Amino acid sequence: MDDGFLMEVCVDSVESAVNAERGGAGRIELCAGLVEGGTTPSMGLLQVVKQCVRVPVFVMIRPRGGDFLYSDREVEVMKADIRLAKLHGADGLVFGALTEDGRIDTELCTALLAVCRPLPVTFHRAFDMVHDPLVALETLISLGFERVLTSGCDSSALEGLSLIKRLAEQVMPSVLCVTWGFFPPGGGITERNLQRILEGSTASEFHCSARSARDSGMKFRNPNVAMGASFSAPEYSIKVADVAKVRTLNAIAKNIL
């Protein structure tokens, strides 16, 4: 934390983690599958990232994309991933779980929190899918979550700003972490909207991916084959955290706060 402000950058590679730290990030959220909003990274990635950066690394615990209603077997996967992440040096964990009627799954969250301790835990953007965000926030505070990632239950933090402000007024600012970055096109944070979001939210942390596309080093390219579904990122364009973007956003936020 610097001057009451912390910037967390969401990354899915060692290169992005190093760039985020170089740009001034105070914490890293380590994920895989950013196209799906983030899933559990490999433990190999966690090990190498921990060797390359000094800032805290929080690990996403999400066994698949899609909704946040988990089966018993998926819960066992989550518990195993939490134990492995702790074993390999995670500084904190990030997860979320809901009931079928859009409420916080208190029973499951309590069980997962017990496995996570003594590490700090963030409730991720499953929060943006709840039926009643004000009630959900009170539930999360009572369960012991240190922070909540939210875009204000909208496609971006800018669109959800009025709700974010209400949520921030409900709790101490350090509990609420405003998040954005890898949402639908147009939803990401930019130099033009960061000041408005931070001033309107009163939160003391924010979360972004701050990525740019980097061209692949491959010389031979097959344009007829894709490695994923039609909506997936192209094989010959790699998105990584951009040092300049991280520095710019960090500087803007520090001037505000």
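Residues numbered from 1 in each chain as written. Predicted model: local features only at pLDDT ≥ 70, side-chain atom pairs only at ≥ 80, totals over all residues. Heavy atoms only, no water.

Observations concerning helix α2 (residues 43–52)
Thinking step 1. Buried within α2 are the following residues: Met43, Leu45, Leu46 and Val49. Projected down its long axis, α2 shows its buried positions confined to an angular sector of 150°, all on one face. (Buried < 20%, exposed > 50% of the residue type's maximum accessible area, 1.4 Å probe, protein only. Helix = DSSP H or I, 4+ residues; strand = E, 2+ residues; numbered from the N terminus. Arc of directions from axis to C-beta.)

Topic: the side chain of Asn19
Thinking step 1. The topology assignment puts Asn19 in helix α1 (residues 14–23).
Thinking step 2. When residues no more than four places from it in sequence are discounted, the contact partners of Asn19 are Val240, Ala241 and Val243. (Contact = heavy atoms within 4.5 Å.)

Details of the confidence of the model for the protein
Thinking step 1. Confidence in the prediction for the protein averages 85 pLDDT; 86% of positions are at 70 or higher.
Thinking step 2. Here residues 180–187 scores under 50 on pLDDT; set against residues more than four positions off or in separate chains, the count is 28 contacts. (pLDDT = per-residue confidence, 0-100.)

Some words on the pairing of strand β1 (residues 6–11)
The two faces of the sheet receive side chains in turn, since in a regular strand these alternate between them.
Thinking step 1. Of all the 6 residues making up β1, 6 are buried; the element is thus mostly covered by neighbouring parts of the structure.
Thinking step 2. Of the two faces of β1, the one lined by Leu6, Glu8 and Cys10 and the one lined by Met7, Val9 and Val11 are each fully buried.
Thinking step 3. Across 4 bridges, the pairing between β1 and strand β8 (residues 205–208) is parallel. Within the sheet, the bridge partner assigned to Leu6 lies in β8 and is Glu205.
Thinking step 4. Examined bridge by bridge, β1 and strand β2 (residues 27–30) share 4 bridges and lie parallel to one another. (Pairing = 2+ DSSP bridges.)

Overview of the nonpolar core
Thinking step 1. Counting residues in each nonpolar core, the largest one holds 59 residues, and the members touching the most others are Val9, Phe95, Phe123 and Phe206.
Thinking step 2. If one sorts the elements of this core by residue count, helix α4 (residues 106–116) sits on top with 6 residues.
Thinking step 3. Of all hydrophobic cores here, the second largest spans 7 residues; its members include Cys10, Met60, Val94 and Leu149. (Core = buried A, V, L, I, M, F, W, Y, C linked by side-chain atoms within 4.5 Å.)

With respect to the packing of helix α3 (residues 72–87) against α4
Thinking step 1. Taken N-terminus to C-terminus, the directions of α3 and α4 make an angle of 25°; their axes are 9 Å apart at the nearest point. In terms of orientation, α3 lies roughly parallel with respect to α4. As for how α3 packs across α4, the hand of that crossing is right-handed. Every residue of α4 that contacts α3 at Val75, Met78, Lys79, Ile82, Arg83 and Lys86 is listed here: Leu108, Ala111, Leu112, Val115 and Cys116. (Axes fitted to C-alpha atoms, helices over the stretch in contact; angles between N-to-C directions. Parallel < 35°, antiparallel > 145°, perpendicular 65-115°, else oblique. Left-handed = near helix turned anticlockwise from the far one by under 90°.)

Quick notes on the packing of aromatic side chains
Thinking step 1. Inspection of the entire model under this criterion finds 2 aromatic pairs.
Thinking step 2. Ring centres of Phe95 and Phe145 lie 5.4 Å apart, and the angle between their planes is 65°; on these two criteria the pair is classed as edge-to-face. With Phe95 in strand β4 (residues 92–95) and Phe145 in the loop between α5 (133–143) and β6 (147–150), this pair connects stretches of sequence that are 50 residues apart.
Thinking step 3. Plain terms: the ring middles of Phe123 and Phe145 are 5.3 Å apart, the flat faces sit at 90° to each other, and that makes the pair edge-to-face. Separated by 22 residues along the polypeptide, Phe123 in strand β5 (residues 121–123) and Phe145 in the loop between α5 and β6 bring together distant segments of the chain. When sorted by exposure, Phe123 lands in the same class as Phe145, which is buried.
Thinking step 4. The rings of Phe95, Phe123 and Phe145 are connected pair by pair, giving a single aromatic cluster. (Phe/Tyr/Trp six-rings, centres within 6.5 Å; stacked < 30°, edge-to-face > 60°.)

Some thoughts on the packing of α1 against α2
Pairs of packed helices are described in terms of their axes, by the angle between the two and the distance that separates them.
Thinking step 1. Here α1 crosses α2 at 30°, and the two axes come no closer than 9 Å. It follows from the interaxial angle that α1 and α2 lie roughly parallel. Handedness of the α1/α2 crossing: right-handed. From α1, Val14, Ala17, Val18 and Glu21 reach across to α2, where they touch Leu45, Val48, Val49 and Cys52.
Thinking step 2. Partitioning the contact of α1 with α2 into residue classes produces 7 nonpolar, no polar and 1 charged. (Nonpolar A, V, L, I, M, F, W, Y, C, P; charged D, E, K, R; others polar.)

A closer look at the side chain of Thr122
Thinking step 1. Looking at the element boundaries, Thr122 is found in strand β5.
Thinking step 2. Other than its neighbours up to four places away in sequence, Thr122 contacts Phe58, Leu93, Val94, Phe95, Phe145, Arg147 and Leu149.

Thoughts on unusual backbone geometry
Thinking step 1. With an omega of 10°, the peptide bond between Arg117 and Pro118 qualifies as cis.
Thinking step 2. In this structure, Pro118 sits in the loop between α4 and β5.
Thinking step 3. Phi is positive for Cys153, which is not a glycine, with a value near 55°.
Thinking step 4. Mapping Cys153 onto the fold places it in the loop between β6 and α6 (161–170).

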